[in-house]
Amino acid sequence: MAAAAEVRYGIVGVGMMGREHLHNLAHLAAEVEREQSVRVRVTGLADPHQESLRLGLELAAELSLPAPQTFSGHRELLDSGLCDAIIVSSPNMTHYEILMDIIGHREPHHILVEKPLCTTVQDCKKVIEAAKQRPDILVQVGLEYRYMPPVAKLIDIVKRGTLGQVRMVAIREHRFPFLVKNRFNCNSGGTLVEKCCHFFDLMRLFAAANPVCVMASGAIDVNHKDEVYDGKVPDIIDNAYVIVEFDNGSRGMLDLCMFAEGSRNEQEICVVGDIGKGETFVPESIVRFGKRTEGRDGVVTIMAEDERIKYQGLHHGSSYLEHLNFLSAIKAQGASGPSVNLIDGLLSVAIGVAGQLSIEQGRFVTMEEVHGLKSAPD
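A quick note: this is a predicted structure, and the numbers were derived from the prediction, not measured.

### Let's talk about the nonpolar core
Membership of the largest hydrophobic core comes to 109 residues, with the highest contact counts inside it found for Tyr9 and Phe206. At 8 residues, helix α11 (residues 342–361) tops the list of elements feeding residues into this core. Residue-level mapping places this core at the junction of two domains, with at least three residues from each of domain 1 (6–144 + 326–332) and domain 2 (145–308 + 341–372).

Encoded structure:
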């Protein structure tokens, strides 16, 4: 790898999210250059689609970045020796093969992989086992909703014990339909894996516990019914309720609707403990919290901001903070692990898989039957 004073990035998958990472890395590079702490460079782009590579190079020029070298595949990028860290932002169903190739490569490359880690629990577990053999690399999973300023503020309130012992977590996402690339379960892993892994990750954080069982109800009620792609009609659900029971007795509930563009907020999160309640709203960035003993008049309302954010992007600055954390872990050279690790990635997928199975079979699904373990992995 290059000297610690420089980190060279390659991006695998230069579609919408790949170019979003390019935006974030350009702003990150400018900021760390001002701080004179480390040099950040984007040295390679890999994508089998020439149009994506063209758009990536065009964006790099617009951002005043030196032109990265382009490759038609991730293996050529790995073999080039140009990169210390790889951003995996390719389609979901390609993550497993790409991750295994990066982890198994003779040269070490740190990895930031977009969510979901993989589309199946089995593939997630294989990636984890392979990564155990490579202590010289770190792998961070892109569950960046943790870093959204209002969400991060609510996490902090919970961790400080302001609400007491958390008993209930309710998350509502009412939003627009999926992009075309995610409209088939075989490509995305299913709605509850592709999109909702973010929320299952947050539930685990708020509950400070691991999932035991899942019950879900969902369907395709509105979206994509009259669409056909290569002779196939999309099969992803567009709404669901998901209940998750945790090993400390707390419960989480997800209310998902993907035909709710007429919403003031896309995400609303409510956490209730035995002495208080907190809630947050995105994108309004409002956080409210109060204690039972103080009633309605004691509720505090604040606006959540993070002055470290230099680029808001598609996810309210959370992707920029994700990159800050990833770079810090690289600079620590093994002294600290990634802020979102492979177990976090596995369990966020496993809850989604359990939810999909529950909808298909109309029953509670235990986590043991999904990930095959008596207890959650460490």
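### A closer look at the packing of helix α1 (residues 16–35) against helix α2 (residues 50–62)
Packing of α1 against α2 leaves a shortest axis separation of 10 Å and a crossing angle of 20°. Between α1 and α2, the angle falls in the class roughly parallel. Two packed elements cross with a definite hand, and for α1 against α2 that hand is right-handed. Each of Arg19, Leu22 and His23 in α1 lies in contact with α2, whose residues at this interface are Ser52, Leu55, Gly56, Leu59 and Ala60.

### Some points on the sheet that holds strand β2 (residues 39–46)
Taken together, the 6 strands give an open sheet; going across it, the order is β3-β2-β1-β4-β5-β6, and neighbouring strands pair in parallel fashion. Of all the strands in the sheet, the pair left with one neighbour each is β3 (69–71) and β6 (139–142). Averaged over all neighbouring strand pairs, the angle between strand axes comes to 25°, with direction disregarded. Across 3 bridges, the pairing between β2 and β3 is parallel. Considered in β3, the bridge of Gly44 is made with Gln69. Of the strands in this sheet, β2 and β3 are in contact with α2, which crosses β2 at around 155°. Along the sheet face, helix α4 (residues 95–104) touches β1 (6–12), β4 (85–88) and β5 (110–114) and points at about 175° away from the line of β5.

### Regarding the side chain of Asp238
Along the chain, Asp238 turns up in the loop between β8 (211–219) and β9 (239–246). Within the buried set, Asp238 has no salt-bridge partner at all; the shortest N-O distance to an opposite charge, 6.9 Å, is to Lys225.

### A short note on the UniProt feature "domain: Gfo/Idh/MocA-like oxidoreductase N-terminal" (unreviewed entry) in the chain
Mapped onto this numbering, the UniProt entry gives "domain: Gfo/Idh/MocA-like oxidoreductase N-terminal" (unreviewed entry) at residues 7–142. With 45% helix and 22% strand, residues 7–142 has end C-alpha atoms that lie 19 Å from one another.

### Considerations on α11
A rise of 1.5 Å per residue sets the reference length of α11, with its 20 residues, at 28 Å; its end C-alpha atoms lie 28 Å apart and thus fit the reference within 8%. Most of α11 is tucked away, with 15 of its 20 residues classed as buried.

### Some details on the layout of surface pockets
There is about 1100 Å³ of room inside the largest pocket. In this structure, the largest pocket is lined by 45 residues; those nearest its centre are Met16, Met17, Ser89, Lys181 and Asn182. Of all elements in the fold, only α1, α3 (74–79) and α4 reach the threshold of two or more residues within the lining of the largest pocket. Classifying every residue of the lining of the largest pocket gives 15 nonpolar, 19 polar and 11 charged. For the lining of the largest pocket, the two domains that each supply at least three residues are domain 1 (6–144 + 326–332) and domain 2 (145–308 + 341–372).

The rules behind these values
Residues numbered from 1 in each chain as written. Predicted model: local features only at pLDDT ≥ 70, side-chain atom pairs only at ≥ 80, totals over all residues. Heavy atoms only, no water. Core = buried A, V, L, I, M, F, W, Y, C linked by side-chain atoms within 4.5 Å. Buried < 20%, exposed > 50% of the residue type's maximum accessible area, 1.4 Å probe, protein only. Helix = DSSP H or I, 4+ residues; strand = E, 2+ residues; numbered from the N terminus. Domains from an automatic or database assignment. Axes fitted to C-alpha atoms, helices over the stretch in contact; angles between N-to-C directions. Parallel < 35°, antiparallel > 145°, perpendicular 65-115°, else oblique. Left-handed = near helix turned anticlockwise from the far one by under 90°. Contact = heavy atoms within 4.5 Å. Pairing = 2+ DSSP bridges. Lys, Arg positive; Asp, Glu negative; His and termini not counted. Salt bridge = Lys/Arg side-chain N within 4 Å of Asp/Glu carboxyl O. UniProt positions renumbered as here; feature names shortened; annotations may be inferred. Expected span 1.5 Å × (residues − 1). 1 Å grid on protein atoms, 1.4 Å probe; cavity = no way out; pocket = protein on both sides within 12 Å on 5 of 7 lines; lining within 4 Å. Points joined across faces, edges and corners; volume = space filled by probe spheres on them. Nonpolar A, V, L, I, M, F, W, Y, C, P; charged D, E, K, R; others polar.

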